[in-house]
Amino acid sequence: MLTNQFAVNYGLEAGVFSELDYYFAKLIGGQDKELQLLALLVSRAYRFGHTLATFEYLNAPAKWFSEEPDETVRNLGFELLKEANLSLETDWRDVVIESPALIKSEWGIYLAKNYQQEGKIVEFVLKHQVGTQFSEERLTRYKGLLDRYFGKTDTQSEIDWQNVAAANSLIQYLSVISGGPGTGKTTTVFKILAILQEAAKESGQAPLKMVLAAPTGKAAARLTESINEQKARALTEIESDILKQIPSESYTIHRLLGIHPISKKTRYHAQNPLMLDLLVVDEASMIDLQLFVDLIEALPAHARIIFLGDKDQLASVEAGSIMSELAFTENYTSRHSQTIEALTGVSLPVNSEIYPANYFSLLKKSYRFDDASTLGRLAKRINTYTHNYFDTQQKIRDVMGILTSHDPLIGYHTLPIEESTLSTELRSFYQPYLDAILAQNSTKQAIFSAFNNARILAIQRRGDYGTERLNHLIAKTLFPTTYNMAFYHGLAIMIEENDYEYGLFNGDIGLILEEEGRLRAFFEIDNELRAFSIHSLPQFNHAFAMTVHKSQGSEFERVMLFLAEYESAFLSTELFYTGLTRAKKEAVIFSSEGAIRASLMQRAQRFSAIQKRLSVALKKPEFLAEPADEELSSESQLSLF
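Residues numbered from 1 in each chain as written. Predicted model: local features only at pLDDT ≥ 70, side-chain atom pairs only at ≥ 80, totals over all residues. Heavy atoms only, no water.

(A) How the structure looks around empty space enclosed by the protein. Inspection of every chain in the model, using the stated rule, returns 2 cavities of 30 Å³ or more. Looking at the second largest cavity, its volume works out to about 30 Å³. Taken together, Asp 160, Trp 161, Gln 162, Thr 183, Leu 363, Lys 364, Lys 365 and Tyr 367 make up the full set of residues lining the second largest cavity. For the lining of the second largest cavity, the residue count by class is 3 nonpolar, 2 polar and 3 charged. (1 Å grid on protein atoms, 1.4 Å probe; cavity = no way out; pocket = protein on both sides within 12 Å on 5 of 7 lines; lining within 4 Å. Points joined across faces, edges and corners; volume = space filled by probe spheres on them. Nonpolar A, V, L, I, M, F, W, Y, C, P; charged D, E, K, R; others polar.)

(B) Molecular detail of the environment of Tyr 355. Positionally, Tyr 355 belongs in the loop between helix 16 (334-344) and strand 9 (360-363). The buried category is assigned to Tyr 355, whose relative accessible area is 2%. C-alpha of Tyr 355 to C-alpha of Thr 424: the two residues are 69 residues apart in sequence and 54 Å apart in space. Discounting residues that sit within four places of it in the chain, Tyr 355 has contacts with Glu 325, Phe 328, Thr 329, Asn 331, Gln 611, Leu 614, Ser 615, Leu 618 and Lys 619. (Helix = DSSP H or I, 4+ residues; strand = E, 2+ residues; numbered from the N terminus. Buried < 20%, exposed > 50% of the residue type's maximum accessible area, 1.4 Å probe, protein only. Contact = heavy atoms within 4.5 Å.)

(C) Geometry of the sheet that holds strand 13 (residues 509-515). Spatial ordering of the open sheet is given by 15-14-13-12-16, a layout of 5 strands whose pairing is antiparallel. Looking at which strands have only one partner, the edges of the open sheet turn out to be strand 15 (528-533) and strand 16 (540-542). The mean inter-strand angle of the sheet, taken between neighbouring strand axes irrespective of direction, is 40°. Both strand 13 and strand 14 (residues 518-525) contribute to a ladder of 6 bridges, which runs antiparallel. Each bridged residue has a counterpart across the sheet, and for Glu 514 the counterpart in strand 14 is Leu 519. Relative to strand 13, helix 21 (residues 444-452) is tilted by about 145°, and along the sheet it contacts strand 12 (492-495), strand 13, strand 14 and strand 15. (Pairing = 2+ DSSP bridges. Axes fitted to C-alpha atoms, helices over the stretch in contact; angles between N-to-C directions.)

(D) Inspection of unusual backbone geometry at higher detail. The amide bond that connects Leu 415 to the next residue, Pro 416, takes the cis arrangement and shows omega of 5°. In this structure, Pro 416 sits in the loop between strand 10 (410-413) and helix 19 (419-429). The phi angle at Asn 85 is positive, at roughly 60°, despite the residue not being glycine. Turning to its location among the elements, Asn 85 is positioned in the loop between helix 6 (76-83) and strand 2 (102-104). A positive phi angle is found at Glu 516, which is not glycine, with a value near 55°. With respect to the helices, strands and loops of the structure, Glu 516 is situated in the loop between strand 13 and strand 14.

(E) The pattern of salt bridges, seen in detail. Evaluation of the coordinates by the stated rule reveals 28 salt bridges. We note a salt bridge from Arg 44 to Glu 68, for which the minimum N-O separation is 3.6 Å. With Arg 44 in helix 3 (residues 33-47) and Glu 68 in the loop between helix 4 (55-58) and helix 5 (71-74), the pair connects residues that are 24 residues apart, well separated along the chain. As far as burial versus exposure is concerned, Arg 44 and Glu 68 are alike and both buried. One salt bridge in this structure joins Asp 147 and Lys 143, with 3.4 Å as the shortest N-O distance. You can see Asp 147 and its partner Lys 143 sitting in helix 8 (residues 136-150), 4 residues apart, about one turn around the helix. (Salt bridge = Lys/Arg side-chain N within 4 Å of Asp/Glu carboxyl O.)

(F) Fine view of the sheet that holds strand 17 (residues 545-547). Taken in spatial order, the 5 strands make up an open sheet running 10-19-18-11-17, and their pairing is parallel. Strand pairing shows two members of the sheet lacking a second neighbour, strand 10 and strand 17, which therefore form its edges. Pairwise comparison of adjacent strand axes, ignoring direction, gives a mean angle of 25° for this sheet. Bridging between strand 10 and strand 19 (residues 583-590) involves 4 bridges; their strand directions are parallel. The partner of His 413 across the bridge, within strand 19, is Phe 590. Set on the sheet, helix 24 (residues 573-580) makes contact with strand 11 (454-458), strand 18 (556-562) and strand 19; between it and strand 19 the angle comes to about 130°.

(G) Looking closely at the side chain of Thr 573. Structurally, Thr 573 is set in helix 24. A relative accessible area of 0% places Thr 573 in the buried class. Excluding residues within four positions of it along the chain, Thr 573 makes contact with Ile 382, Asn 383, Lys 395, Ser 599, Leu 600, Gln 602 and Arg 603.

(H) Region of interest: the nonpolar core. The biggest cluster of nonpolar side chains holds 84 residues, and the ones touching the most others in it are Leu 279, Phe 307, Tyr 359 and Leu 614. Here this core takes 8 residues from helix 10 (residues 185-202), the largest share from any one element. By size, the runner-up hydrophobic cluster in this structure holds 83 residues, among which are Ala 475, Tyr 488, Phe 523 and Leu 575. (Core = buried A, V, L, I, M, F, W, Y, C linked by side-chain atoms within 4.5 Å.)

(I) Expanded view of the domain arrangement of the chain. Domain annotation of the chain identifies domain 1 (6-105), domain 2 (135-368) and domain 3 (409-591). Taking only C-alpha atoms into account, the centre of domain 1 sits 38 Å from that of domain 3. (Domains from an automatic or database assignment.)

(J) View of the packing of aromatic side chains. Applying the stated criterion across every chain, the model contains 19 aromatic pairs. Measuring from ring centre to ring centre gives 5.7 Å for Phe 17 and Phe 65, while their planes differ by 85°; the resulting arrangement is edge-to-face. Taken together, the residues span a long stretch of sequence, with Phe 17 in the loop between helix 1 (6-13) and helix 2 (19-29) and Phe 65 in the loop between helix 4 and helix 5 at a distance of 48 residues. The exposure class of Phe 17 is buried, given its relative accessible area of 4%. Judged by centre distance (6.3 Å) and plane angle (80°), the rings of Trp 64 and Phe 65 are edge-to-face. For Phe 65, a relative accessible area of 0% corresponds to the buried category. Following the ring pairs from residue to residue traces out a cluster consisting of Phe 429, Tyr 430, Tyr 433, Phe 451, Phe 479, Tyr 488 and Phe 544. The lysine or arginine in question, Arg 603, covers the ring of Tyr 385, its NZ or CZ lying 3.7 Å from the ring centre. (Phe/Tyr/Trp six-rings, centres within 6.5 Å; stacked < 30°, edge-to-face > 60°. Lys NZ or Arg CZ within 6 Å of the ring centre and 35° of its normal.)

(K) Here's a closer look at helix 20 (residues 431-438). Those residues of helix 20 that fall on the buried side of the exposure criterion are Tyr 433, Leu 434, Ala 436 and Ile 437. End-on, the buried residues of helix 20 take up no more than an arc of 160°, which puts them together on one face. Turning to helix 20, the residues buried within the fold contact helix 19, helix 21, helix 22 (467-478) and strand 13. (Arc of directions from axis to C-beta.)

(L) Summary view of helix 25 (residues 593-601). All buried positions along helix 25 are accounted for by Gly 594, Ala 595, Ile 596, Ala 598, Ser 599 and Leu 600. Lining the buried residues of helix 25 we find helix 17 (374-382), helix 18 (389-403), strand 10 and helix 24.

Have a look at this one:
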């Protein structure tokens, strides 16, 4: 099939398949045309972030390339079936797979590595499903600490979801806390860390070794900043020896695990675990399948782990959608709900018809956006799930109504737009930064502050409104006499690869600034500015505009978001929501109405079966059965499985 076949060659030329897809299919399929086509599709699905190709997808060739703009390419699936001597009635559930590189499950076809990695995640969750059952003494101690840190509650009070999440994390050695912007994820986890250290002190135990981590350098820096702000505010409320035991530094996950930049092998793993008692991982939605498995395999058996993130944000760039898969349902076992109620006064839902996720907590109240906030209402409406055509159309009308309401904090411009008009808008947006650059007495810190206050985001790199063209236009607009130089005073750059020698990592943002007559690259690292030679920088790109994916883990006072001029299968609610919620106060949206409609009608789809595999496992009697009343240590929890 893969030799001198029109459809396959056309797909290669059109970029539908990569050369890796091609040679993988050739290697796996041998002379079997059906297996060749299957391997081609599964390999391509993995490149697009899916951990498997579902049977629903495989049995619908019209959907194989539905995201492609060219109609000929979208219809390529039918030609591929013909070349493989298959028909539209082919049911891939009946395929016989003899290659060890592919695995058939009840949900679809996996690359063997992905199937095994999903299994490891499911096993890890199952090991931590049964939480610690507190003795009366310990229950009283923790309730007292929760009341002190979060305030006492009664049946008439509004539910404090931060308190509930904290109580859940005290019970569970695995905790997944999801919440939108401004819901207080960092505030919650800071109080959890303080409570655990205080409880250890009261019981005469040694302080817990706690570690903070995040997927990217920028996200790690933000976590460090947020935790240190919490510590500074708590100086008069929490004992100094407790505060000292809460870490003041965060690591990237790559740095924490000691991942080799070439071999990708980790220094820490199951045979050489990390030396810690508790790990907090922020921006968990950005963690892909491989990195998640590397992380949990490096944990010592006794350790707690808390994942923080927003389940509704974009999934990781690489394969997997772990956060959304784990944060799928608010449902708990009866005993777990009773313990939470004893600690907080809140009764959590118990439904025996769906699987319980005792490890999951959802923060529901935004402290950043009140009911009067237009930006908050817009984000909430964009992210609202609709279940039929009429509700979706009402959602579109509501969103367009907000965008066109002339609110001073929400701007909207339709695409396409004249270049001269766009240049005016770009200059106005970055005027505070330009003023800081040109001012004779501006400090480098003031320049960084002005730049970090605002950012321009786009959904993709290429195209009329992608980051490549926008970066060129911004540079030309702000710096008309120097923009075509390789380096100039005021150039913003983003590192594209990790450089462990210099301590610069993928996603780090820097500014090229003049110092004593020389241009140097400055980066904010560990709350201070560090200078680097412009001639020894790792690979970088301009960063006046960045993709929404790259912006995850960052927040700005003001955001200018470019969606698209045309409707596209690439657009999604998650993309729109993630881009918008990078803004803390103001947002300006550039898009056609058609692109907005497409964004609101399409949810990003990642094929994964973690939730399905958990659902099957956690409905089994051994997981629904309640543990005995005696208190379980973390070691005894693990021994149950």
